[in-house]
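Coordinate inspection notes
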Amino acid sequence: MKEIKTDSLWVHLHWLTVLAELGSFTRAAERLDVSKAAMSQKIKELEKMAGVALVQRTTRSVRLTSAGEKLVDELRDPFARIAQSFFSVRDEAGPVRGMVRVTAPVAFARQQLVPIIGDFLREYPQVRLQLDVTDRLVSLGSEGFDLAIRHSDSLPETHVALPLCETRALLVASPAYLAQNGLPDSPQALQQHNCLYYPRGLESPQWRFQLADGGSETVQVKIQGNFATNNSESIRDAALQGLGIAMLPDFSASAALASGTLQQVLPQWQAVDAFADRLWVVRPYAAQVPRAVTTLIHWLRARFADG
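Residues numbered from 1 in each chain as written. Predicted model: local features only at pLDDT ≥ 70, side-chain atom pairs only at ≥ 80, totals over all residues. Heavy atoms only, no water.

Considerations on the overall build of the chain
For the chain, the count of helices and strands is ten helices and 15 strands. Taking the principal axes of its C-alpha atoms as reference, the chain extends roughly 95 × 40 × 35 Å. Within the chain, the proportion of its 307 residues that are buried is 39%. Counting contacts in the chain only where the partners sit at least 6 residues apart, residues at least 24 apart contribute 73% of the total. Total accessible area on the chain is roughly 17,600 Å²; 50% of this is exposed by carbon and sulfur atoms. In the chain, which carries 32 positive and 32 negative side-chain charges, the distance between the mean positions of the two groups comes to 10 Å. (Helix = DSSP H or I, 4+ residues; strand = E, 2+ residues; numbered from the N terminus. Buried < 20%, exposed > 50% of the residue type's maximum accessible area, 1.4 Å probe, protein only. Contact = heavy atoms within 4.5 Å. Areas by Shrake-Rupley, 256 points an atom, 1.4 Å probe, with all protein chains shown as cover. Lys, Arg positive; Asp, Glu negative; His and termini not counted. Charge placed at Lys NZ, Arg CZ, Asp CG, Glu CD.)

Given below as structure tokens:
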């Protein structure tokens, strides 16, 4: 039997894996930027050298034989490692580049991240960002995200979580609402006000406070109001309309406080367990992390280091 030189098979084997992935000679040829005839010829040559049919062809579809499936299954991981090694080497040379897929909470993304992300893209013009804005806790691994910004006290142990900055909850209201309804002088006085809040299941809404100067005593207040929603931007917008007193994370209230369209209420009291007290950058664990991902993480942590 004629000896087969395996080093002549690498192209054939790679093309077979692409064909298996796409299930079409036409699409596989387009992916590889070759002709359909060249694609078909390579597979025929591979089958001839293997001495067994690897592909079943019909007029409408292509599927692998059991031998073809076995071969592709054994090739998939080695080719993935080869690709990863190549891109890792290329990644270290020259400017930072590549795609980074990020998911972030709605309020933080819209009010804090998007306004500054242009600075990052101008500094690293060969990096492309794809931002998914959602309050849903997406699965980074199964949905293909490189990193997430999380405002949470519960972080997945299977991921790498790095602190971004500390946050705190603030009570705010519009000057017009306070002029009409008065400024509360204690947490208990909130019971006389229309409060805008996050719903917590079927539980009656309650806010808890401690003195901001470090007091240990906790004051718990049952509140009431005519508007509740699970999005801090919506609560902020309701407060801007003068509908009531809202409890917001500081990153959602900061711009309105700076402009004077909202005013802080009870600044001597600190809300307890209203929101997480820290923002995190979370990424899936990986032995090799793309340079564009680590660069963005370092840039974000430096940018938000002061809160």
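Read on, since the account is not over.
Concerning the pattern of salt bridges
On inspection of all chains with the given rule, the structure shows eleven salt bridges. In this structure, the salt-bridge partner of Arg76 is Asp73, at a minimum N-O distance of 3.1 Å. Residue Arg76 and its partner Asp73 are both found in helix α4 (residues 66-92); the two are separated by three residues, about one turn of the helix. (Salt bridge = Lys/Arg side-chain N within 4 Å of Asp/Glu carboxyl O.)

Re the sheet that holds strand β12 (residues 245-249)
Pairing in this open sheet of five strands is mixed, and the strands run β11-β8-β12-β7-β13 from one edge to the other. Two strands bound the open sheet, and with one partner strand each, they are β11 (227-228) and β13 (263-265). In the sheet, strand β7 (residues 169-173) pairs with β12 via four bridges, with the strands oriented antiparallel. Counterpart to Leu170 in the pairing with β12 is Leu248. Helix α8 (residues 232-240) contacts β8 (195-197), β11 and β12 of the sheet and is inclined by roughly 145 degrees relative to β12. Running over the sheet, helix α9 (residues 250-259) touches β7, β12 and β13 and is turned about 120 degrees from β12. (Pairing = 2+ DSSP bridges. Axes fitted to C-alpha atoms, helices over the stretch in contact; angles between N-to-C directions.)

Let's talk about helix α1 (residues 10-22)
Across its 13 residues, α1 extends 19 Å between first and last C-alpha, which sits within 8% of the 18 Å expected from 1.5 Å per residue. Within the sequence span of α1, burial applies to His12, Leu13, Trp15, Leu16, Thr17, Val18, Leu19 and Leu22. Positive backbone phi, approximately 65 degrees, marks Gly23, located one or two places after α1. (Expected span 1.5 Å × (residues − 1).)

Description of the nonpolar core
Judged by nonpolar contacts, the single largest core of 33 residues is most densely connected at Leu171, Leu190, Trp207, Phe209 and Met247. With five residues, β7 is the single largest residue contributor to this core. Residues within four places of Leu171 in sequence aside, it is in contact with Leu190, Trp207, Phe209, Ile245, Ala246, Met247, Gln263, Gln264, Val265 and Leu266. Judged by nonpolar contacts, the second largest core, of 26 residues, contains Ala107, Phe108, Ile149 and Ala292. (Core = buried A, V, L, I, M, F, W, Y, C linked by side-chain atoms within 4.5 Å.)

Looking at the sheet that holds strand β9 (residues 206-211)
Each strand in a sheet pairs with its neighbour through backbone hydrogen bonds, running either in the same direction (parallel) or in the opposite one (antiparallel). In space, the three strands of this open sheet follow the order β10-β9-β14, with antiparallel pairing throughout. Of all the strands in the sheet, just β10 (219-222) and β14 (269-271) have a single pairing partner and so form its edges. Averaged over all neighbouring strand pairs, the angle between strand axes comes to 35 degrees, with direction disregarded. Here β9 pairs with β10 via four bridges, running antiparallel. Across the sheet, residue Phe209 finds its bridge partner in β10, namely Val219.

Things to note about unusual backbone geometry
One non-glycine residue, Asp33, lies in the positive phi region at around 60 degrees. The topology assignment puts Asp33 in the loop between α2 (25-32) and α3 (36-50). On the basis of relative accessible area, Asp33 is assigned to the exposed category, the value being 70%. Even without being a glycine, Leu266 presents a positive backbone phi close to 50 degrees. Mapped onto the fold, Leu266 is located in the loop between β13 and β14.

Considerations on the packing of helix α5 (residues 106-123) against α8
Packing of α5 against α8 leaves a shortest axis separation of 8 Å and a crossing angle of 70 degrees. Comparing their axes, α8 and α5 come out roughly perpendicular. Here Val106, Ala107, Arg110 and Gln111 of α5 come into contact with α8, specifically with Ser232, Glu233 and Arg236. Of the residues in the contact of α5 with α8, the class split is two nonpolar, two polar and three charged. (Parallel < 35°, antiparallel > 145°, perpendicular 65-115°, else oblique. Nonpolar A, V, L, I, M, F, W, Y, C, P; charged D, E, K, R; others polar.)

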